[in-house]
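In case you want the letters, here they are:
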Amino acid sequence: DIQLTQSPSFLSASVGDRVTITCRASQGISSYLAWYQQKPGKAPKLLIYAASTLQSGVPSRFSGSGSGTEFTLTISSLQPEDFATYYCQQLNSFPRYTFGQGTKLEIK
Amino acid sequence: EVQLVESGGGLVQPGGSLTLSCAASGFDFSDYEMNWVRQAPGKGLEWVSYISSRGTNMYYAESVKGRFSIFRDNAKHSLYLQMNSLRAEDTAVYHCARVGYDSGGYTSSFDYWGQGALVTVSS
């Protein structure tokens with residue numbers, strides 16, 4: 001199975017900060033990567049698919065980039081509602097679409 | 001509005017069985033591949049099982065293969081997960097999730113998720 005490693009696992013930041021989360025794949029996955037946001041007790045919410053395409057309705061402060069084995073999720077200016085856990089997922093290796101271990105974004 | 005609503009969770013003893021349901025609405029259920037994803041308490045997301053749109057192809061994570069069965073009833077707009085020989089390590093919230101497609105028709109994400117059903121395996 002393809003392994004995804006997110007860094008950092010924990011991130012402390014302030015409202016207005018620019019933050020970047022990295023996701024590294026154990027082998028090349030082209031651009032078949034999605035990013036999700038999850039708040040406690042809630043279902044994951046799709047933010048970005050195909051590495052860089054913003055899902056409809058997601059604020060433009062979220063952006064994604066990368067291809068192959070290294071990907072990033074950037075939040076340009078953190079808002080209070082952005083404090084959550086973020087997961088990457090590879091969709092290159094059907095059907096075992098594995099997830100990264102998660103990055104918890106906390107308020108500093 | 002797309003909605004996925006799970007039901008059937010609960011407390012079960014080790015070795016027991018449980019069947020989860022996922023009721024879909026707001027889209028043509030028979031056109032979409034579906035998955036189950038679980039999340040153990042305080043842990044990350046783990047893909048569990050996949051089923052094709054017509055229900056003819058199914059796949060499982062190694063951790064549940066031989067114990068869990070995924071199936072669907074397109075006429076009832078419902079997805080199911082039958083879980084047998086349950087273990088303590090199966091304790092988790094189980095989410096159903098719809099496959100999303102990009103403009104080229106390729107699988108690109110899990111675009112809609114249910115809130116989840118909690119399964120607790122304990123004596």
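Basis of the calculations
Residues numbered from 1 in each chain as written. Chains lettered and ligands numbered in written order. Predicted model: local features only at pLDDT ≥ 70, side-chain atom pairs only at ≥ 80, totals over all residues. Heavy atoms only, no water. Buried < 20%, exposed > 50% of the residue type's maximum accessible area, 1.4 Å probe, protein only. Helix = DSSP H or I, 4+ residues; strand = E, 2+ residues; numbered from the N terminus. Pairing = 2+ DSSP bridges. Disulfide = S-S within 2.5 Å. Axes fitted to C-alpha atoms, helices over the stretch in contact; angles between N-to-C directions. 1 Å grid on protein atoms, 1.4 Å probe; cavity = no way out; pocket = protein on both sides within 12 Å on 5 of 7 lines; lining within 4 Å. Points joined across faces, edges and corners; volume = space filled by probe spheres on them. Nonpolar A, V, L, I, M, F, W, Y, C, P; charged D, E, K, R; others polar. Phe/Tyr/Trp six-rings, centres within 6.5 Å; stacked < 30°, edge-to-face > 60°. Lys NZ or Arg CZ within 6 Å of the ring centre and 35° of its normal.

Q: Please clarify how the pairing of strand 8 (residues 70-75) of chain A should be interpreted in this entry.
A: On a regular strand, each side chain points to the face opposite its neighbour's, so the side chains alternate between the two faces of the sheet. Residue and element names in this part refer to chain A. The element strand 8 is extensively covered by neighbouring structure, given that 5 of its 6 residues are classed as buried. Inspection of the sheet shows strand 3 (residues 19-25) paired to strand 8 by 6 bridges, in the antiparallel sense. Looking across to strand 8, one finds that Thr 20 is bridged to Thr 74.

Q: Would you mind going over the state of the cysteines with me for this structure?
A: One covalent bond between the sulfur atoms of two cysteine residues makes up a disulfide. Residues and elements named next belong to chain B. Scanning the entire structure with this criterion turns up 2 disulfides over all chains. Two residues, Cys 22 and Cys 96, share a disulfide whose sulfurs are 2.1 Å apart. With the S-S dihedral at roughly 65 degrees, the linkage between Cys 22 and Cys 96 falls on the right-handed side. Here the residue Cys 22 occupies a position in strand 3 (residues 18-25), and Cys 96 occupies one in strand 9 (residues 92-101), the gap between them amounting to 74 residues.

Q: How should the sheet that holds strand 8 of chain A be read in this particular structure?
A: Two strands in a sheet stick together by hydrogen bonds in their backbones, pointing the same way (parallel) or opposite ways (antiparallel). Residues and elements named next belong to chain A. Read across the sheet, 4 strands follow the order 1-3-8-7 without closing on themselves; strand pairing throughout is antiparallel. Taken across any chain shown, the strands that pair with only one partner, and hence form the sheet edges, are strand 1 (4-7) and strand 7 (62-67). When the angles between neighbouring strand axes are averaged without regard to direction, this sheet yields 15 degrees. By the bridge criterion, 6 bridges tie strand 7 to strand 8 in an arrangement that is antiparallel. Across the sheet, Gly 64 pairs through a bridge with Leu 73, a residue of strand 8.

Q: Honestly, the sheet that holds strand 1 (residues 3-7) of chain B in this entry has me stumped. Any pointers?
A: Residues and elements named next belong to chain B. What the 4 strands build is an open sheet, ordered 1-3-8-7; its pairing is antiparallel. Edge positions in the sheet fall to strand 1 and strand 7 (68-73), since each has one partner strand and no second. Strand-to-strand twist in this sheet, taken as the mean axis angle between neighbours without regard to direction, amounts to 15 degrees. Where strand 1 meets strand 3, 5 bridges bridge the pair, whose relative direction is antiparallel. Opposite Leu 4, over in strand 3, you have Ala 24 as the bridge partner.

Q: Which parts of the structure should I look at to understand the layout of surface pockets?
A: Gaps between atoms show up when a probe of the same size as a water molecule is rolled over them. In this structure, the largest pocket encloses a volume near 580 Å³. Lining the largest pocket we find 26 residues, and of these Gln38(A), Thr85(A), Tyr87(A), Gln39(B) and Lys43(B) sit closest to its centre. Broken down by secondary-structure element, the contributors of at least two residues to the lining of the largest pocket are strand 9 (85-90) and strand 10 (103-107) of chain A together with strand 9 of chain B. For the lining of the largest pocket, the class distribution of residues is 10 nonpolar, 12 polar and 4 charged. As a volume, the second largest pocket reaches approximately 380 Å³. Looking at the second largest pocket, it is lined by 17 residues, and the ones nearest its centre are Pro44(A), Lys45(A), Asp111(B), Tyr112(B) and Trp113(B). Mapped by element, the contributors of at least two residues to the lining of the second largest pocket are strand 5 (45-49) of chain A together with strand 1 and strand 10 (107-113) of chain B. Looking at the lining of the second largest pocket residue by residue, the classes come out as 9 nonpolar, 5 polar and 3 charged.

Q: Where do I start with the packing of aromatic side chains in this structure?
A: Any two aromatic rings considered together are summarised by their centre-to-centre distance and by the angle between their planes. Inspection of every chain in the model, using the stated rule, returns 16 aromatic pairs over all chains. Ring geometry for Tyr97(A) and Phe110(B): centres 6.1 Å apart, planes at 70 degrees, overall edge-to-face. Here Phe110(B) lies in strand 10 and Tyr97(A) lies in the loop between strand 9 and strand 10, a pairing that spans two chains. The same class applies to Tyr97(A) as to Phe110(B), namely buried. Between Phe71(B) and Tyr80(B) the ring centres are 4.9 Å apart and the planes differ by 20 degrees, which places this aromatic pair in the stacked class. Accessibility expressed as a relative area gives 17% for Tyr80(B), which makes it buried. Members of the aromatic cluster, each reached through a chain of ring pairs, are Tyr36(A), Phe94(A), Tyr97(A), Phe99(A), Tyr50(B), Tyr59(B), Phe110(B) and Trp113(B). The aromatic ring of Phe27(B) is capped on one face by Arg98(B), whose charged end is 4.8 Å from the ring centroid. A cation over a ring is seen here: Arg98(B) above Tyr32(B), with NZ or CZ 4.0 Å from the ring centre.

Honestly, it's all geometry; don't read function into it.
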